[in-house]
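Okay, here's what each chain looks like letter by letter:
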Amino acid sequence: MQKLYFCENKTITIGVELEIQLIDPATGDLKPVAPTILHKINNDLKYPHIKSEIFQSMLEIDTPICTNAHEAGASLRTSFDIARSIAAESDAKIIMAGTHPFAHYSERLLTPSSRYYDLVDRNQWITRRLQIFGLHIHLGMRNGDHAIAINNALCHYLPLILAISASSPFWKREDTGLASSRITFFEAIPTGGHPYLINNWTDFESLIQKLILSKSITSIKDLWWDIRPNIEFGTIEVRIADCPATIKEAEAIVALVHSLALFIDDELTAGRKFSPPPEWILRENKWRTSRHGTDSLLILDNQGSTLSFERVWESLKKDLAIISHKNHYQHYFNFIDQIIKKGPSYLRQRKAQKSGFEYLINHLIKENELDTPLWT
């Protein structure tokens, strides 16, 4: 069996990727000006943290390797200042959300890239519908087995991350009835959705070999899982989150995910074993938070016991209290309290849309520019 080289990290570092939308302020629709923006950034500023994505009406903003959420947030704000300034020269605004409320995917221009062309050739309509926007969080791992152990444990918490970030209630001017419609698009991809549940790195290597030999994938990048190992960076990549409406929300979610990884690592060191949740619980809790967001009733165990989202969050905060204090994350957790009580983006969007979709786009532009949720 061919071995996979895993780029090892000594500590649980952080890297963040945000997929953002470029908007025509006159129409509120997506605007395909990413090539123009990137030409100026790459040639004039030589700035490496703003990149192309699958469509020309979106950009990816990433961070360097960070030691904590504070550093990641500072890097994202620097990048956004640059992106907004250059986008303005092309008469474009920026919004953040899991989907655009009314843009039609069939009108999007693909970014010229052999990888994207291959994806469309392989998956056709399924790829063309990927006019969706996420928050990806990389966590540095010591080795492959460490990555699988943390990966399996984090599966228990993925629904919480989804609910807090949920920001995609609309699709093509329709209210989907979901808190996160974005996450459902990945379920149509054969290698998308919740991860295959495996026990160790050897099992993962064997799985990848079979998938490549059978031409199910061409590389690990073709795994569109909600969480996956990344051998190039030596990380696990938490991909389930919608792109939240503000950097402030993204920063809080990064702090939560980092705290969870540190907590799990401490528990593993103390001898605790984490098995992934039973598949039926993993799927059902994901569905519940995709549908109801922070109003979900979550399944706790294989007997079917349930608890409200808010009470699960309160219990988790107690588990993470020591780590939160050590890393000065208390204000992030307090902000998540506000998000849960006052409303994540999917609820704010529904409220704004009552005044029309054009008003909703302006609401999202304003939230992004002010970097704060507008609950009133």
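Residues numbered from 1 in each chain as written. Predicted model: local features only at pLDDT ≥ 70, side-chain atom pairs only at ≥ 80, totals over all residues. Heavy atoms only, no water.

1. Remarks on the packing of aromatic side chains
Using the criterion set out here, one finds 11 aromatic pairs in the structure. Ring centres of Trp171 and Phe185 lie 4.6 Å apart, and the angle between their planes is 55°; on these two criteria the pair is classed as tilted. Within this pair, whereas Trp171 is found in strand β6 (residues 170-171), its partner Phe185 is found in helix α7 (residues 182-185), the two being separated by 14 residues in sequence. Of the two residues, Trp171 and Phe185, neither departs from the other in class, the shared state being buried. One aromatic cluster is present, formed by Phe6, Tyr196, Trp201, Phe204 and Trp225 through successive ring pairs. Above the face of the Phe102 ring, Arg173 is positioned so that its terminal group lies 4.2 Å from the ring centre. (Phe/Tyr/Trp six-rings, centres within 6.5 Å; stacked < 30°, edge-to-face > 60°. Helix = DSSP H or I, 4+ residues; strand = E, 2+ residues; numbered from the N terminus. Buried < 20%, exposed > 50% of the residue type's maximum accessible area, 1.4 Å probe, protein only. Lys NZ or Arg CZ within 6 Å of the ring centre and 35° of its normal.)

2. Details of helix α1 (residues 34-45)
In this model α1 runs 15 Å from its N-terminal to its C-terminal C-alpha over 12 residues, within 8% of the 16 Å that 1.5 Å per residue would give. Taken residue by residue, α1 has Ala34, Ile37, Leu38 and Ile41 as its buried positions. Looking straight down α1, one finds its buried side chains confined to an arc of 95°; they lie on one side. Exposed residues pointing more than 90 degrees away from the buried face of α1 are listed as His39 and Asp44. Those residues of α1 hidden inside the fold are in contact with β1 (14-23), β2 (50-52), β3 (58-62) and α2 (69-89). Phi turns positive, to about 55°, at Lys46, one or two residues after α1. (Expected span 1.5 Å × (residues − 1). Arc of directions from axis to C-beta. Contact = heavy atoms within 4.5 Å.)

3. What about the packing of helix α9 (residues 247-269) against helix α13 (residues 330-342)?
Their axes nearest at 9 Å, the elements α9 and α13 cross at an angle of 115°. The interaxial crossing formed by α9 with α13 has left-handed handedness. On the side of α9, the interface is formed by Lys248, Glu249, Glu251, Ala252, Ala255, Leu256 and Ser259, while α13 contributes Tyr332, Phe333, Phe335, Ile336 and Ile339. Broken down by class, the residue content of the contact of α9 with α13 amounts to 8 nonpolar, 1 polar and 3 charged. (Axes fitted to C-alpha atoms, helices over the stretch in contact; angles between N-to-C directions. Left-handed = near helix turned anticlockwise from the far one by under 90°. Nonpolar A, V, L, I, M, F, W, Y, C, P; charged D, E, K, R; others polar.)

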